[in-house]
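In case you want the letters, here they are:
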Amino acid sequence: MSICKELGIEYPIFCGAMARITWHELVGAVSEAGGLGVLASGGMTAEQLRDEIRKTRETTVKPFGVNLMLQMNNIPELVEVICEEKVAVVTTGAGNPAPYIPQLKAAGVKIFPVIASVKHAKKMEAAGADGVIAEGQEAGGHIGSVSTMSLIPQIVDAVNIPVIAAGGTGDGRTVAAMYALGAQGIQAGTIFLASEECQISQNYKDAIIKASDTDTIVTGRKAKDPVRALKTPMLEKFLDMEHNNASFSDLEHLTVGSLKRAVDGDLENGTPMCGEIAGLIKEVKTSREIIVSLFEEADKIAQSLVINR
(Lines give C-alpha, C1' and ligand atoms only; values in the text may rest on other atoms or scores of the structure.)
Protein backbone atom coordinates (compact mmCIF):
# COMPACT_ATOMS: atom_id res chain seq x y z
CA MET A 1 0.00 0.00 0.00
CA SER A 2 1.31 3.47 -0.85
CA ILE A 3 1.98 5.93 1.95
CA CYS A 4 -0.80 8.18 0.63
CA LYS A 5 -3.42 5.42 0.84
CA GLU A 6 -2.15 4.31 4.23
CA LEU A 7 -2.42 7.79 5.74
CA GLY A 8 -5.32 9.20 3.73
CA ILE A 9 -3.32 12.04 2.18
CA GLU A 10 -3.07 13.25 -1.41
CA TYR A 11 0.65 14.01 -1.63
CA PRO A 12 3.41 11.96 0.06
CA ILE A 13 4.87 14.85 2.04
CA PHE A 14 5.15 15.41 5.78
CA CYS A 15 5.73 18.92 7.09
CA GLY A 16 8.69 18.59 9.43
CA ALA A 17 7.76 19.38 13.01
CA MET A 18 9.62 22.52 14.05
CA ALA A 19 9.48 23.64 17.68
CA ARG A 20 7.81 27.03 18.17
CA ILE A 21 7.00 27.08 14.45
CA THR A 22 4.60 24.33 13.34
CA TRP A 23 1.48 25.62 15.07
CA HIS A 24 -2.06 24.95 13.89
CA GLU A 25 -1.99 27.68 11.22
CA LEU A 26 0.77 25.97 9.23
CA VAL A 27 -0.19 22.40 10.12
CA GLY A 28 -3.78 22.89 9.03
CA ALA A 29 -2.71 24.56 5.78
CA VAL A 30 -0.33 21.73 4.86
CA SER A 31 -2.94 19.07 5.55
CA GLU A 32 -5.66 21.00 3.76
CA ALA A 33 -3.34 21.21 0.74
CA GLY A 34 -3.03 17.42 0.67
CA GLY A 35 0.13 16.81 2.68
CA LEU A 36 0.53 15.80 6.32
CA GLY A 37 0.93 18.73 8.69
CA VAL A 38 2.65 17.85 11.97
CA LEU A 39 2.31 19.79 15.21
CA ALA A 40 5.51 20.20 17.24
CA SER A 41 4.57 19.42 20.85
CA GLY A 42 7.98 20.21 22.36
CA GLY A 43 7.55 22.64 25.23
CA MET A 44 3.77 22.18 25.40
CA THR A 45 1.67 21.03 28.32
CA ALA A 46 -0.94 18.37 27.71
CA GLU A 47 -3.70 20.97 27.60
CA GLN A 48 -1.76 23.23 25.24
CA LEU A 49 -1.36 20.29 22.89
CA ARG A 50 -5.05 19.47 23.12
CA ASP A 51 -5.88 23.09 22.29
CA GLU A 52 -3.56 23.08 19.25
CA ILE A 53 -5.06 19.79 18.02
CA ARG A 54 -8.57 21.21 18.26
CA LYS A 55 -7.56 24.48 16.59
CA THR A 56 -6.01 22.47 13.75
CA ARG A 57 -9.31 20.63 13.33
CA GLU A 58 -11.01 23.99 12.90
CA THR A 59 -8.84 24.60 9.82
CA THR A 60 -8.98 21.13 8.21
CA VAL A 61 -10.87 17.86 8.38
CA LYS A 62 -7.94 16.04 6.79
CA PRO A 63 -5.35 13.91 8.64
CA PHE A 64 -2.49 15.56 10.52
CA GLY A 65 0.12 14.46 13.02
CA VAL A 66 1.89 15.35 16.24
CA ASN A 67 5.62 15.14 16.89
CA LEU A 68 6.87 13.94 20.27
CA MET A 69 10.28 15.18 21.38
CA LEU A 70 10.96 12.28 23.71
CA GLN A 71 13.32 14.17 26.02
CA MET A 72 10.32 16.02 27.42
CA ASN A 73 9.25 15.01 30.94
CA ASN A 74 5.52 14.96 30.16
CA ILE A 75 5.49 12.48 27.26
CA PRO A 76 3.02 10.07 28.98
CA GLU A 77 0.51 12.92 29.34
CA LEU A 78 1.01 14.02 25.74
CA VAL A 79 0.52 10.45 24.51
CA GLU A 80 -2.76 10.29 26.44
CA VAL A 81 -3.98 13.46 24.71
CA ILE A 82 -2.95 12.14 21.28
CA CYS A 83 -4.87 8.91 21.87
CA GLU A 84 -7.93 10.67 23.27
CA GLU A 85 -8.01 13.16 20.39
CA LYS A 86 -7.53 10.37 17.81
CA VAL A 87 -4.62 12.01 16.00
CA ALA A 88 -3.74 10.16 12.78
CA VAL A 89 0.06 10.06 12.97
CA VAL A 90 2.85 10.51 15.50
CA THR A 91 6.42 11.29 14.54
CA THR A 92 9.13 11.10 17.19
CA GLY A 93 12.61 12.41 17.82
CA ALA A 94 15.28 12.72 20.52
CA GLY A 95 14.71 9.31 22.07
CA ASN A 96 13.24 5.82 21.82
CA PRO A 97 9.45 5.68 21.26
CA ALA A 98 9.22 1.90 21.82
CA PRO A 99 7.59 2.16 25.31
CA TYR A 100 4.70 4.18 23.82
CA ILE A 101 4.16 2.31 20.56
CA PRO A 102 1.68 -0.31 21.91
CA GLN A 103 -0.53 2.39 23.45
CA LEU A 104 -0.45 4.51 20.30
CA LYS A 105 -1.15 1.59 17.98
CA ALA A 106 -4.03 0.44 20.18
CA ALA A 107 -5.56 3.90 19.63
CA GLY A 108 -5.13 3.59 15.86
CA VAL A 109 -2.22 6.03 15.63
CA LYS A 110 0.48 5.45 13.00
CA ILE A 111 4.06 5.87 14.28
CA PHE A 112 6.94 7.27 12.18
CA PRO A 113 10.13 7.82 14.21
CA VAL A 114 12.77 10.18 12.83
CA ILE A 115 16.07 8.29 12.62
CA ALA A 116 19.53 8.99 11.22
CA SER A 117 21.12 5.54 10.88
CA VAL A 118 20.43 2.03 9.61
CA LYS A 119 20.86 0.69 13.15
CA HIS A 120 18.06 2.82 14.52
CA ALA A 121 15.81 2.12 11.52
CA LYS A 122 16.05 -1.61 12.24
CA LYS A 123 15.29 -1.04 15.92
CA MET A 124 12.20 0.98 15.09
CA GLU A 125 10.93 -1.66 12.68
CA ALA A 126 11.40 -4.33 15.36
CA ALA A 127 9.53 -2.15 17.87
CA GLY A 128 6.48 -1.97 15.58
CA ALA A 129 6.84 1.40 13.88
CA ASP A 130 4.68 1.85 10.77
CA GLY A 131 7.51 3.59 8.91
CA VAL A 132 10.64 5.64 9.51
CA ILE A 133 11.65 9.16 8.57
CA ALA A 134 15.29 8.90 7.53
CA GLU A 135 16.91 12.30 7.99
CA GLY A 136 20.23 13.27 6.44
CA GLN A 137 22.55 15.93 7.78
CA GLU A 138 21.47 18.45 5.12
CA ALA A 139 18.35 19.08 7.22
CA GLY A 140 17.80 22.04 9.52
CA GLY A 141 17.70 21.77 13.29
CA HIS A 142 19.11 18.72 15.09
CA ILE A 143 20.90 16.48 12.60
CA GLY A 144 22.80 13.23 12.28
CA SER A 145 26.14 12.64 10.57
CA VAL A 146 25.24 10.91 7.26
CA SER A 147 24.11 12.67 4.09
CA THR A 148 20.63 12.02 2.72
CA MET A 149 21.97 10.67 -0.56
CA SER A 150 23.96 7.99 1.27
CA LEU A 151 21.46 7.31 4.04
CA ILE A 152 18.21 6.70 2.17
CA PRO A 153 19.18 3.74 -0.05
CA GLN A 154 20.91 1.98 2.83
CA ILE A 155 17.85 2.28 5.05
CA VAL A 156 15.51 1.27 2.22
CA ASP A 157 17.57 -1.91 1.81
CA ALA A 158 17.62 -2.60 5.55
CA VAL A 159 13.93 -2.44 6.47
CA ASN A 160 10.57 -3.60 5.07
CA ILE A 161 8.51 -0.64 6.26
CA PRO A 162 7.99 2.64 4.35
CA VAL A 163 10.88 5.08 4.38
CA ILE A 164 10.22 8.83 4.27
CA ALA A 165 13.24 10.86 3.16
CA ALA A 166 14.15 14.06 5.01
CA GLY A 167 16.93 16.56 4.53
CA GLY A 168 17.70 18.36 1.28
CA THR A 169 14.31 18.40 -0.44
CA GLY A 170 13.33 21.80 -1.81
CA ASP A 171 12.13 21.38 -5.37
CA GLY A 172 10.79 18.74 -7.76
CA ARG A 173 14.27 17.56 -8.72
CA THR A 174 15.12 16.68 -5.14
CA VAL A 175 11.74 14.99 -4.63
CA ALA A 176 12.35 12.86 -7.73
CA ALA A 177 15.79 11.98 -6.39
CA MET A 178 14.30 10.70 -3.13
CA TYR A 179 11.92 8.46 -5.09
CA ALA A 180 14.87 7.18 -7.11
CA LEU A 181 16.63 6.29 -3.86
CA GLY A 182 13.64 4.18 -2.80
CA ALA A 183 11.74 6.51 -0.47
CA GLN A 184 7.92 6.45 -0.52
CA GLY A 185 7.67 10.12 0.37
CA ILE A 186 9.48 13.09 1.82
CA GLN A 187 9.53 15.21 4.95
CA ALA A 188 10.35 18.89 4.47
CA GLY A 189 10.65 21.76 6.91
CA THR A 190 12.74 24.56 5.44
CA ILE A 191 10.49 25.10 2.41
CA PHE A 192 7.51 25.65 4.72
CA LEU A 193 9.37 28.31 6.69
CA ALA A 194 8.87 30.43 3.57
CA SER A 195 5.13 29.80 3.43
CA GLU A 196 2.44 32.41 3.94
CA GLU A 197 0.90 30.39 6.77
CA CYS A 198 4.12 30.02 8.76
CA GLN A 199 4.08 32.27 11.83
CA ILE A 200 7.79 33.11 12.04
CA SER A 201 8.92 36.73 11.73
CA GLN A 202 9.36 38.36 8.34
CA ASN A 203 13.05 38.81 9.16
CA TYR A 204 13.44 35.04 9.43
CA LYS A 205 11.60 34.46 6.14
CA ASP A 206 13.63 37.15 4.37
CA ALA A 207 16.88 35.59 5.58
CA ILE A 208 15.89 32.22 4.10
CA ILE A 209 14.97 33.78 0.77
CA LYS A 210 18.30 35.66 0.65
CA ALA A 211 20.35 32.62 1.71
CA SER A 212 22.97 31.07 -0.55
CA ASP A 213 24.15 27.47 -0.64
CA THR A 214 26.83 28.13 2.01
CA ASP A 215 24.82 30.25 4.46
CA THR A 216 24.07 27.57 7.05
CA ILE A 217 26.26 26.66 10.00
CA VAL A 218 26.43 23.57 12.23
CA THR A 219 27.12 24.05 15.93
CA GLY A 220 27.31 21.51 18.73
CA ARG A 221 29.33 18.81 16.99
CA LYS A 222 31.82 18.57 19.87
CA ALA A 223 28.99 17.93 22.30
CA LYS A 224 27.51 15.38 19.88
CA ASP A 225 24.36 17.49 19.57
CA PRO A 226 24.78 19.12 16.13
CA VAL A 227 22.27 21.72 15.01
CA ARG A 228 22.07 23.35 11.56
CA ALA A 229 20.84 26.93 11.23
CA LEU A 230 21.42 30.05 9.17
CA LYS A 231 24.59 31.87 10.18
CA THR A 232 24.10 34.63 12.74
CA PRO A 233 26.68 36.63 14.72
CA MET A 234 25.74 34.74 17.87
CA LEU A 235 26.14 31.32 16.24
CA GLU A 236 29.50 32.25 14.72
CA LYS A 237 30.62 33.33 18.20
CA PHE A 238 29.30 30.00 19.54
CA LEU A 239 31.31 28.07 16.95
CA ASP A 240 34.48 30.00 17.81
CA MET A 241 33.93 29.35 21.53
CA GLU A 242 33.22 25.70 20.83
CA HIS A 243 36.46 25.30 18.88
CA ASN A 244 38.30 26.91 21.81
CA ASN A 245 36.80 24.42 24.28
CA ALA A 246 34.43 26.76 26.09
CA SER A 247 32.49 25.19 28.95
CA PHE A 248 29.04 23.73 28.40
CA SER A 249 27.53 26.30 30.76
CA ASP A 250 29.02 29.20 28.80
CA LEU A 251 27.75 27.78 25.51
CA GLU A 252 24.31 27.08 26.95
CA HIS A 253 24.11 30.60 28.35
CA LEU A 254 24.74 31.96 24.86
CA THR A 255 22.04 29.88 23.15
CA VAL A 256 19.25 29.44 25.69
CA GLY A 257 16.06 30.88 24.18
CA SER A 258 17.78 31.58 20.87
CA LEU A 259 15.25 29.75 18.69
CA LYS A 260 12.45 31.90 20.10
CA ARG A 261 14.55 34.99 19.48
CA ALA A 262 14.89 34.01 15.81
CA VAL A 263 11.19 33.23 15.49
CA ASP A 264 10.44 36.68 16.93
CA GLY A 265 12.82 38.36 14.46
CA ASP A 266 16.16 38.73 16.26
CA LEU A 267 18.67 37.38 13.74
CA GLU A 268 21.66 38.85 15.54
CA ASN A 269 21.23 36.74 18.67
CA GLY A 270 18.88 34.00 17.45
CA THR A 271 19.17 30.49 16.05
CA PRO A 272 17.13 30.46 12.82
CA MET A 273 17.12 26.72 12.20
CA CYS A 274 17.19 25.97 8.50
CA GLY A 275 18.41 23.31 6.08
CA GLU A 276 21.01 23.60 3.32
CA ILE A 277 18.20 23.66 0.76
CA ALA A 278 17.47 27.31 1.69
CA GLY A 279 19.57 28.40 -1.28
CA LEU A 280 16.81 27.13 -3.60
CA ILE A 281 14.03 29.16 -1.96
CA LYS A 282 13.42 32.49 -3.67
CA GLU A 283 9.93 33.62 -2.62
CA VAL A 284 7.14 33.16 -0.10
CA LYS A 285 4.28 30.98 -1.34
CA THR A 286 1.20 29.36 0.14
CA SER A 287 1.58 25.81 1.43
CA ARG A 288 -0.64 24.62 -1.40
CA GLU A 289 1.53 26.31 -4.03
CA ILE A 290 4.65 24.78 -2.48
CA ILE A 291 3.25 21.24 -2.42
CA VAL A 292 1.63 21.29 -5.86
CA SER A 293 4.71 22.75 -7.55
CA LEU A 294 6.98 20.18 -5.88
CA PHE A 295 5.05 17.19 -7.18
CA GLU A 296 4.17 18.61 -10.59
CA GLU A 297 7.88 19.17 -11.22
CA ALA A 298 8.80 15.75 -9.79
CA ASP A 299 6.25 14.04 -12.06
CA LYS A 300 7.60 15.83 -15.15
CA ILE A 301 11.13 14.79 -14.27
CA ALA A 302 10.09 11.18 -13.73
CA GLN A 303 8.31 11.14 -17.11
CA SER A 304 11.30 12.67 -18.91
CA LEU A 305 13.61 10.07 -17.43
CA VAL A 306 11.41 7.30 -18.81
CA ILE A 307 11.10 8.97 -22.23
CA ASN A 308 14.85 9.67 -22.54
CA ARG A 309 16.05 6.37 -21.15
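Just so you know, these numbers come straight off a predicted model, no measurement behind them.

Undergrad: So what's going on with the overall build of the protein? Residues and values would help.
TA: Across its full length, the protein holds 14 helices and 11 strands. Relative to the 2.2 N^0.38 estimate, which gives 19 Å for 309 residues, the radius of gyration of the protein is 18 Å and therefore close to what a compact globule would have. In terms of principal-axis extent, the alpha carbons of the protein reach across some 50 × 50 × 40 Å. Every one of the 309 residues in the protein was classed for burial, and the buried ones make up 52%.

Undergrad: Got a sec to walk through the sheet that holds strand 9 (residues 185-188)? Specific residues and values, please.
TA: Sheet architecture is open: 8 strands sit in the order 1-9-8-6-5-4-3-2, paired in parallel fashion. The open sheet is flanked by strand 1 (13-15) and strand 2 (37-40), the only strands paired with a single partner. Averaged over all adjacent pairs, the angle separating strand axes in this sheet is 25°, with direction ignored. Here strand 8 (residues 163-166) runs beside strand 9; their pairing, made up of 3 bridges, is parallel. Bridge pairing links Ala 166 to Gln 187 in strand 9. Across the face of the sheet, helix 6 (residues 118-127) comes into contact with strand 5 (110-115) and strand 6 (132-135) while running at roughly 165° to strand 5. Seen against the sheet, helix 7 (residues 148-158) touches strand 5, strand 6 and strand 8 and runs at an angle of roughly 150° to strand 6.

Undergrad: Pulling in residues and values, what's your account of the sheet that holds strand 11 (residues 227-230)?
TA: If you walk across this open sheet you meet the 3 strands as 7-11-10, and the pairing is antiparallel. Unpaired on one side and paired on the other, strand 7 (141-142) and strand 10 (216-219) mark the two borders of the sheet. Relative to strand 11, strand 7 is paired through 2 bridges, and the arrangement is antiparallel. Its bridge partner being in strand 11, Gly 141 is matched across the sheet by Arg 228. Its contacts with the sheet place helix 11 (residues 233-243) against strand 10 and strand 11, and it is angled at close to 40° to strand 10.

Undergrad: Please set out the pattern of salt bridges residue by residue, giving values where relevant.
TA: By the definition in use, this model includes 11 salt bridges. Its salt-bridge partner being Glu 85, residue Arg 54 comes within 2.8 Å of it at the nearest N-O pair. Of the two residues, Arg 54 sits in helix 3 (residues 46-59) while Glu 85 sits in the loop between helix 4 (75-84) and strand 4 (89-93), which places them 31 residues apart along the sequence. A relative accessible area of 48% means that Arg 54 is categorised as partly exposed. Put simply, Glu 47, Arg 50, Arg 54, Arg 57, Glu 84 and Glu 85 are held in one network by salt bridges that share partners.

Undergrad: Can you lay out unusual backbone geometry for me, pointing to particular residues and giving the numbers?
TA: Residues other than glycine seldom take positive phi values, yet Arg 20 does so here, at roughly 65°. On the secondary structure map, Arg 20 appears in the loop between strand 1 and helix 2 (24-32). On the basis of relative accessible area, Arg 20 is assigned to the partly exposed category, the value being 45%. Here Lys 86, not a glycine, exhibits a phi torsion of approximately 55°, which is positive. Examined against the element boundaries, Lys 86 turns out to sit in the loop between helix 4 and strand 4.

Undergrad: Just give me the short version of the nonpolar core, but keep the residues and values in it.
TA: Counting 50 residues, the largest nonpolar core has Ile 13, Ile 155 and Phe 192 as its most contacted members. Per element, the largest residue contribution to this core is 5 residues, and it comes from helix 14 (residues 287-307). For Ile 13, the contacting residues outside a window of four places in its chain are Gly 35, Leu 36, Ile 186, Ala 188, Ile 191, Phe 192, Ile 291, Leu 294 and Phe 295. Among the nonpolar cores identified, the runner-up in size contains 22 residues, and Leu 68, Leu 70, Val 90 and Ile 111 belong to it.

Each value, and the rule that gives it
Residues numbered from 1 in each chain as written. Predicted model: local features only at pLDDT ≥ 70, side-chain atom pairs only at ≥ 80, totals over all residues. Heavy atoms only, no water. Helix = DSSP H or I, 4+ residues; strand = E, 2+ residues; numbered from the N terminus. Rg over C-alpha atoms; globule rule 2.2 N^0.38 Å. Buried < 20%, exposed > 50% of the residue type's maximum accessible area, 1.4 Å probe, protein only. Pairing = 2+ DSSP bridges. Axes fitted to C-alpha atoms, helices over the stretch in contact; angles between N-to-C directions. Contact = heavy atoms within 4.5 Å. Salt bridge = Lys/Arg side-chain N within 4 Å of Asp/Glu carboxyl O. Core = buried A, V, L, I, M, F, W, Y, C linked by side-chain atoms within 4.5 Å.

Any link to function would need more than the numbers given here.
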